Amino acid sequence: MFGDIYRGRRVLVTGHTGFKGSWLTAWLLHLGAEVAGFSLDVPTSPANFEVLDLSGRISDLRGDIRDRKAMCEAIEGFKPDVVFHLAAQALVRKSYDDPAGTIEANAMGTLNVLEAVRCTPSVQAVVCITSDKCYRNDEWVWGYRETDHLGGEDPYSASKGCAEIIAQSYFKSFFKNGPRCATTRAGNVIGGGDWAADRIVPDCARAWSQGRPVPIRSPWATRPWQHVLEPLSGYLWLGAKLLVDAKGPFPLSGEAYNFGPAADVNNTVAEVVDALAPYWQGFSSEMDRAGQAGMKECTLLKLCCDKSLAYLRWQATLTFAETIRFTAEWYRAFYAPTGGAQDMYAFTMGQILEYADKARAKGLEWTA
């Protein structure tokens, strides 16, 4: 996969203990990369990072991305070829409780990573992961493009818009001659191994494991759901392109790219819960459906991924039903009554390979 570009490469992942970061770390290991991770702590219990026993498979570095000295020492010490920056305060609700900490982590943390990269000659490529919420939400029904306005009324969205602006400043001021860098925007990611608060799938998994109904706050909210492997395939393909296409026929370095599902994949929270239910015996929910049917979600945020399709030949692989199946089967394996005998690292690798097989069947270039 990805032209075998990561085999033997030194790759540093910030936020490697988080949901997306742990999946990315596992995939990089499968690709033959030498991986180091930089994170403050393990954010949840359980945590995918611990379930996959990643600390024993990589260089597990701990520190705060708000600490520029620690960040610089980590990158200069490991001397990576590639940096994937995912570390962040990732919850909108928490950003209201701690706005300063959110902006410091997401905006200044990005600055610290890029400053560390600027001082480390070994780095050839950087992929900064922000969020679909970096866009100013004008409540459009069509998808946001990479050239649309950045912004955000809540502290989390504002912090991600700031991270994008900081990244663009470093690209244009310091990285014109290398390293090659890009930012990515994705959202509404689900999959096995997520136990974050205030997210519908982790809420379902916790309730199911405890034999209780899951309360559904906004059953008619609509989101473009995608499995975690979808954007990760985009990040890895973009990183590979940055490494090898110094003067390619289309813009890469200094650019932003959206990664999301097909435009017609928009399902309500209620539909997600109903789709998960058949996989979990005894699963039930507490959902107020009366009087809300057809209610339009006023904060729908969709991404237009035409740029990724045109320049990277990237598109989403899984259907909504497949996304739900991948997600439900991972949690079912984890919570199986075998007392944890299931090797979740092997199971996770199996899902990565199945996903790649499906992408290969669709003829996607990154699978070669």
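- As recorded in an unreviewed UniProt entry, the protein goes by the name CDP-glucose-4,6-dehydratase, putative, listed as coming from Nitratidesulfovibrio vulgaris.

## Some thoughts on the overall build of the protein
- Counting its secondary structure elements, the protein contains 12 helices and 13 strands.
- Its C-alpha radius of gyration of 20 Å places the protein within 12% of the 21 Å reference for a compact globule of 368 residues.
- When the backbone C-alpha atoms are referred to their principal axes, the protein occupies close to 60 × 45 × 45 Å.
- The buried share among the 368 residues of the protein stands at 56%.
- A separation threshold of at least 6 residues defines the contact pool for the protein, and within that pool the share at least 24 residues apart is 81%.

## So, the packing of helix α8 (residues 229–244) against helix α12 (residues 344–361)
- Where α8 contacts α12, the two axes come as close as 11 Å, and the packing angle between them is 75°. As the angle between them shows, α8 and α12 are arranged roughly perpendicular. Across the interface between the two elements, Leu229, Glu230 and Ser233 of α8 pack against Gln351, Ile352 and Tyr355 of α12.
- Each residue belonging to the contact of α8 with α12 can be placed in one class, and the counts come to 3 nonpolar, 2 polar and 1 charged.

## Concerning the side chain of histidine 16
- Take histidine 16: it is sitting in the loop between β1 (10–14) and α1 (19–30).
- Reaching out from histidine 16, the side chain makes a polar contact with the side chain of serine 39 at a distance of 2.9 Å.
- In terms of polar contacts, histidine 16 uses its side chain to reach the side chain of aspartate 60, at 2.7 Å.
- Excluding its chain neighbours within four sequence positions, the residues that come into contact with histidine 16 are Gly21, Ser22, Thr25, Gly37, Phe38, Ser39, Phe49, Ile58, Asp60, Leu61 and Arg62.

## Notes on the UniProt feature "domain: NAD(P)-binding" (unreviewed entry) in the protein
- The positions that UniProt labels "domain: NAD(P)-binding" (unreviewed entry) are, in the present scheme, residues 12–174.
- Secondary structure over residues 12–174 splits into 45% helix and 13% strand, and the C-alpha atoms at its two ends are 20 Å apart.

## Quick word on the sheet that holds strand β3 (residues 59–62)
- In spatial order, the strands read β3-β2-β1-β4-β5-β6-β11; together these 7 strands make up an open sheet with parallel pairing. Of all the strands in the sheet, just β3 and β11 (255–258) have a single pairing partner and so form its edges. Pairs of neighbouring strands in the sheet enclose a mean axial angle of 20°, with direction left out of account.
- Of the pairings in the sheet, the one linking strand β4 (residues 82–85) to strand β5 (residues 125–129) comprises 4 bridges and is parallel in character.

## A few points about the pairing of β4
- Burial along β4 is two-sided: the face carrying Val82 and Phe84 and the face carrying Val83 and His85 are both buried.
- Where β1 meets β4, 4 bridges bridge the pair, whose relative direction is parallel. In the sheet register, threonine 14 faces β4, and the bridge partner there is histidine 85.

## Overview of the packing of aromatic side chains
- Within the structure shown, the criterion is met by 22 aromatic pairs.
- Judged by centre distance (6.1 Å) and plane angle (55°), the rings of tyrosine 170 and phenylalanine 175 are tilted.
- Judged by its relative accessible area of 3%, phenylalanine 175 falls in the buried class.
- Between tryptophan 195 and tyrosine 331, the aromatic rings sit 5.9 Å apart at their centres with planes inclined by 85°, giving edge-to-face as the arrangement. Taken together, the residues span a long stretch of sequence, with tryptophan 195 in the loop between β7 (189–190) and α7 (200–209) and tyrosine 331 in helix α11 (residues 320–334) at a distance of 136 residues. Accessibility assignment for this pair places tryptophan 195 and tyrosine 331 in one class, buried.
- Taken together through their ring pairs, the aromatic side chains of Phe2, Tyr6, Trp27, Phe84, Trp237, Tyr355 and Trp366 make up a single cluster.
- We note arginine 10 situated over the ring of phenylalanine 78; from NZ or CZ to the ring centre the distance is 4.2 Å.
- Over the ring of phenylalanine 174 we find arginine 118, and its NZ or CZ is 4.9 Å from the ring centre.

## Here's the deal with helix α5 (residues 99–118)
- The terminal C-alpha atoms of α5, which comprises 20 residues, lie 28 Å apart, in line with the 28 Å expected from a rise of 1.5 Å per residue.
- Along α5, the largest kink reaches about 30° and is centred on methionine 108.
- Within α5, 14 of the 20 residues are buried, leaving the element largely enclosed by the surrounding structure.

Basis of the calculations
Residues numbered from 1 in each chain as written. Predicted model: local features only at pLDDT ≥ 70, side-chain atom pairs only at ≥ 80, totals over all residues. Heavy atoms only, no water. Helix = DSSP H or I, 4+ residues; strand = E, 2+ residues; numbered from the N terminus. Rg over C-alpha atoms; globule rule 2.2 N^0.38 Å. Buried < 20%, exposed > 50% of the residue type's maximum accessible area, 1.4 Å probe, protein only. Contact = heavy atoms within 4.5 Å. Axes fitted to C-alpha atoms, helices over the stretch in contact; angles between N-to-C directions. Parallel < 35°, antiparallel > 145°, perpendicular 65-115°, else oblique. Nonpolar A, V, L, I, M, F, W, Y, C, P; charged D, E, K, R; others polar. Polar contact = N/O pair within 3.5 Å; in protein donor to acceptor, adjacent residues only side chain to side chain. UniProt positions renumbered as here; feature names shortened; annotations may be inferred. Pairing = 2+ DSSP bridges. Phe/Tyr/Trp six-rings, centres within 6.5 Å; stacked < 30°, edge-to-face > 60°. Lys NZ or Arg CZ within 6 Å of the ring centre and 35° of its normal. Expected span 1.5 Å × (residues − 1). Bend = angle between axes of the 7 residues up to and from the residue.

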